[in-house]
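# Tertiary structure, described
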Amino acid sequence: MKEYDLEITSDNIKESIEKDILGRNHKLNKLMEMLNAIKNNKIISIDGKWGCGKSFFLKQLEYINKNEIQLNDKFNNLENFKEKYVVLYYNAWENDFHNSPLLSLIYNLINDFPKEKSQTASGKIELPFDLTECLKTISHDFINLDKVKNYEDLTKEIHTSEEKKQALNNIIDNILPKGKRLIFIIDELDRCKPDYAVDMIETIKHFYTNDKVIFLLGTNNLQLSYTISNYYGNGFDGYGYLNKIYNLVIELSDISTKKYIESITARRETSGWCDADLYGVCSYFNMSMREINRLLNDFDLLDEYMHTSYGGSLSEDTTIKYLFLPYCLGLKIVNRNELNKFFNGQGYEKLKDFIFLNESLIEILKRCYETKKPDIDQISDEEKKKILEIFLKQTYNDYFVERNQTWQINEIKTK
């Protein structure tokens, strides 16, 4: 069974930019325009809810800075951006096992410049002679170079230095190509352990004051504010704390549901019943990219089940298969309490709202009705709606109020 997800790979990132699969090229262009206008140190938040594609968006920015791509849409800020900046991506969540955010950032910073390091046959990265000589002139005794034999020694020595800030700025000035500035992307900070997340923010605020550095923090600020509030104790204003840290917050909105589903599945909203209802669920619940992936994976798993001899009423009753099932899978992802109410016979009114707000779903309901009842095309729309509402309520009551029919989704384990 296919797993739906737009994985963060070089090929996917390249294709997503060249074909504007996610419809965010204009956002990338605007972000580059803004970055091109900045002349000093800034801390900028790229804010969005979990699953909206923040990491993919930030990796697109990194890719477009480091690689040549063929573009259909005009990026009128791209050349200036590539000429002005070097972009470094750092995943904070993957590194929160480190004891020191400062040490971790320094190591990743230095390690990202391959021309400035060499590697031995054993795989150990060694400090090259030319950088050692350069450090002697710029360190001003902040670093004990007698202890520095490799990159690990260098970062440890900086970590123990009393003049961390100055030593760090010296290294940034040294490794950046002439005339370039650094965009340091810090991603997934809201998923880190609370102490690491707070230490990282404090490190960024207090140690990275070099005017050549801009920080882009990919975060869900609402969740991160909860983390900060819990860390400092009840009553602490986590959101206010973040607003004092950030110079600017850029909200990354969700992408078009239709565009995303089409891009990863080749499904079209009008191509069939199951496609129309899946589109309807995603739109109704305003699902994120991650939630859409989960819905499609769950539906495909159950679709396979429905085509076996065990499918029972799930495959025989079209109302169950094409309306109730997708709707319940959506509730399972976004609101388990409402799903429980649905199973307990208290979910009809919201089910009705879900269906009658979408013309495609009304048409599916009409066709489900006509598999058992006479054609109703000849009657007025008002009468038609009343008939369909009665049919929908009777079907729901049969399964979940009077329980005259067997509903099997409770027994099905989706991942």
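Scroll up to find the structure this text is about.
Residues numbered from 1 in each chain as written. Predicted model: local features only at pLDDT ≥ 70, side-chain atom pairs only at ≥ 80, totals over all residues. Heavy atoms only, no water.

Using the criterion set out here, one finds 22 aromatic pairs in the structure. On the numbers, 5.5 Å between centres and 10° between planes, the contact of Phe184 with Phe215 is stacked. Here Phe184 is found in strand β5 (residues 181–187), whereas its partner Phe215 is found in strand β6 (residues 213–219), with 31 residues between them in sequence. Exposure class is identical for Phe184 and Phe215. Each is buried. Both rings, one in Tyr396 and one in Phe400, keep their centres 5.0 Å apart while their planes meet at 35°; by these two values the pair is tilted. Of this pair, Tyr396 and Phe400 both sit in helix α20 (residues 381–400), four residues apart, roughly one helical turn. Judged by relative accessible area, Phe400 falls into the buried class, the value being 2%. An aromatic cluster is present here, built from Tyr284, Phe285, Phe324, Tyr327, Phe342, Phe343, Tyr348, Phe354, Tyr396, Tyr399 and Phe400 joined pairwise through their rings. Above the plane of the ring of Tyr89 lies Lys59, whose end atom (NZ or CZ) is 4.2 Å from the centre. Just above the ring of Trp93 sits the side chain of Arg191; from NZ or CZ to the centre is 3.6 Å. (Phe/Tyr/Trp six-rings, centres within 6.5 Å; stacked < 30°, edge-to-face > 60°. Helix = DSSP H or I, 4+ residues; strand = E, 2+ residues; numbered from the N terminus. Buried < 20%, exposed > 50% of the residue type's maximum accessible area, 1.4 Å probe, protein only. Lys NZ or Arg CZ within 6 Å of the ring centre and 35° of its normal.)

For soluble globular proteins, the rule of thumb is that nonpolar side chains tend to be buried together. Judged by nonpolar contacts, the single largest core of 76 residues is most densely connected at Leu35, Leu216 and Phe342. The element best represented in this core is helix α16 (residues 318–334), accounting for nine residues. Those residues in contact with Leu35 that sit more than four places away from it in its chain are Ile44, Leu61, Phe81, Lys84, Tyr85, Ile183, Ile214 and Leu216. Judged by nonpolar contacts, the second largest core, of 35 residues, contains Leu102, Ile106, Leu176 and Val198. (Core = buried A, V, L, I, M, F, W, Y, C linked by side-chain atoms within 4.5 Å. Contact = heavy atoms within 4.5 Å.)

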